[in-house]
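Structural overview
Listed below are the residues making up each chain.
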Amino acid sequence: MHHCAYPSPVGTLMLVASEVGIRAVLWEDDPQKRVRLGQTLEQRTHPMLIHAMRELDEYFARTRTVFTVPLDPIGTDFQKRAWDALTMIPYGETRSYAQQAQMMGHPKAVRAVGAANGKNPISIIVPCHRVIGANGTLTGFAGGLAVKSTLLQHEAMR
C-alpha cells in the first residue's frame, strides 16, 4: 500500500491506496485504532493517489459532485453496506442515520449504522459528513463537527 499527504481546505489528509483503489482518507488527528492499515510506503506518484488528489481538488473547487476513483475499503460486510449507502446520498443533501438504515433495508439498525459510519475509512469521498441526527443536529464525525459543518456548507454553496 502507498500513502501521501494531501493539503486540503479542511486540513491535511492522509490518502492511502492499494493497487485496487483508495483504502483510506484519514484526518491528521485520526486515532490509529479507528482505521487499521498496516505498513504503507510514501509515494505521491502512485496512480490511485494521483486520481484521488485530482478528484479531491475538483471537489474543493466545486467542479466535482461525484467521485469515480476506485475504492478498496476494509471492513465487515455490514460496514461495507453502510459505506455503500453513504455514496448514494447526493451531493448537497443530508440523511439521518434512520434514513440510512432504511436505505440499507435494516430500519432498526440505526445504532449499528452510526457505528459503521464512525469506522468509515474513506472520509469525504465516502460522504459520512452527509449523515446528521434525526432532529437535524450535527453528530459524530472523525474530522470533528466544525469540519462536518464546513463540508456541508461547502456543498450547499454550489
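Calculation notes
- Residues numbered from 1 in each chain as written.
- Predicted model: local features only at pLDDT ≥ 70, side-chain atom pairs only at ≥ 80, totals over all residues.
- Heavy atoms only, no water.
- Helix = DSSP H or I, 4+ residues; strand = E, 2+ residues; numbered from the N terminus.
- Buried < 20%, exposed > 50% of the residue type's maximum accessible area, 1.4 Å probe, protein only.
- Contact = heavy atoms within 4.5 Å.
- Areas by Shrake-Rupley, 256 points an atom, 1.4 Å probe, with all protein chains shown as cover.
- Axes fitted to C-alpha atoms, helices over the stretch in contact; angles between N-to-C directions.
- Parallel < 35°, antiparallel > 145°, perpendicular 65-115°, else oblique.
- Nonpolar A, V, L, I, M, F, W, Y, C, P; charged D, E, K, R; others polar.
- Pairing = 2+ DSSP bridges.
- Salt bridge = Lys/Arg side-chain N within 4 Å of Asp/Glu carboxyl O.

**Considerations on the overall build of the protein chain**
When its secondary structure is counted, the protein chain shows 5 helices and 6 strands. Reading the helices (α) and strands (β) of the protein chain from amino to carboxyl end gives β-β-β-β-α-α-β-α-α-β-α. Its C-alpha atoms give the protein chain principal-axis dimensions of about 40 × 35 × 25 Å. Residues counted as buried form 46% of the 158 residues belonging to the protein chain. Considering only contacts within the protein chain whose residues lie at least 6 apart along the sequence, 60% involve residues at least 24 apart. Of the roughly 8100 Å² of accessible surface on the protein chain, a fraction of 54% belongs to carbon and sulfur atoms.

**Observations regarding unusual backbone geometry**
Although it is not a glycine, R62 sits at a positive phi angle of roughly 65°. Its place among the elements puts R62 in the loop between α1 (47-60) and α2 (77-86). Among the residues examined, R62 registers a relative accessible area of 28% and is labelled partly exposed. In this structure, I124 is a non-glycine residue whose phi angle is positive, near 70°. Secondary-structure assignment places I124 in the loop between α4 (110-118) and β6 (131-132).

**Side note on the packing of α2 against α4**
At a closest axis distance of 9 Å, the pairing of α2 and α4 adopts a crossing angle of 80°. When the axes of α2 and α4 are compared, the pair comes out roughly perpendicular. Between α2 and α4, the contacting residues are F78, Q79, A82, W83 and L86 on the first element and A112, V113, A116 and N117 on the second. Looking at side-chain class alone, the contact of α2 with α4 contains 7 nonpolar, 2 polar and no charged residues.

**Here we look at the sheet that holds strand β3 (residues 22-26)**
Working definition: the strands of a sheet are paired by backbone hydrogen bonds and lie parallel or antiparallel to each other. Pairing in this open sheet of 4 strands is mixed, and the strands run β3-β2-β1-β4 from one edge to the other. The two strands at the open ends of the sheet, each matched to only one other strand, are β3 and β4 (41-42). Sheet topology note: the strand β1 (residues 2-8)/β4 ladder contains 2 bridges and is parallel. Bridge pairing in β4 places H2 opposite L41. α1 contacts β1, β2 (11-17) and β3 of the sheet and is inclined by roughly 15° relative to β1.

**Comments concerning the pattern of salt bridges**
Applying the stated criterion to the full structure yields 6 salt bridges. Notably, a salt bridge pairs R64 with E58, separated by 2.7 Å at the nearest N-O pair. Take E58: its relative accessible area is 22%, and that puts it in the partly exposed class. E93 is paired through a salt bridge with R95; the nearest N and O atoms lie 3.0 Å apart. One salt-bridge network, held together by shared partners, links R54, E55, E58 and R64.

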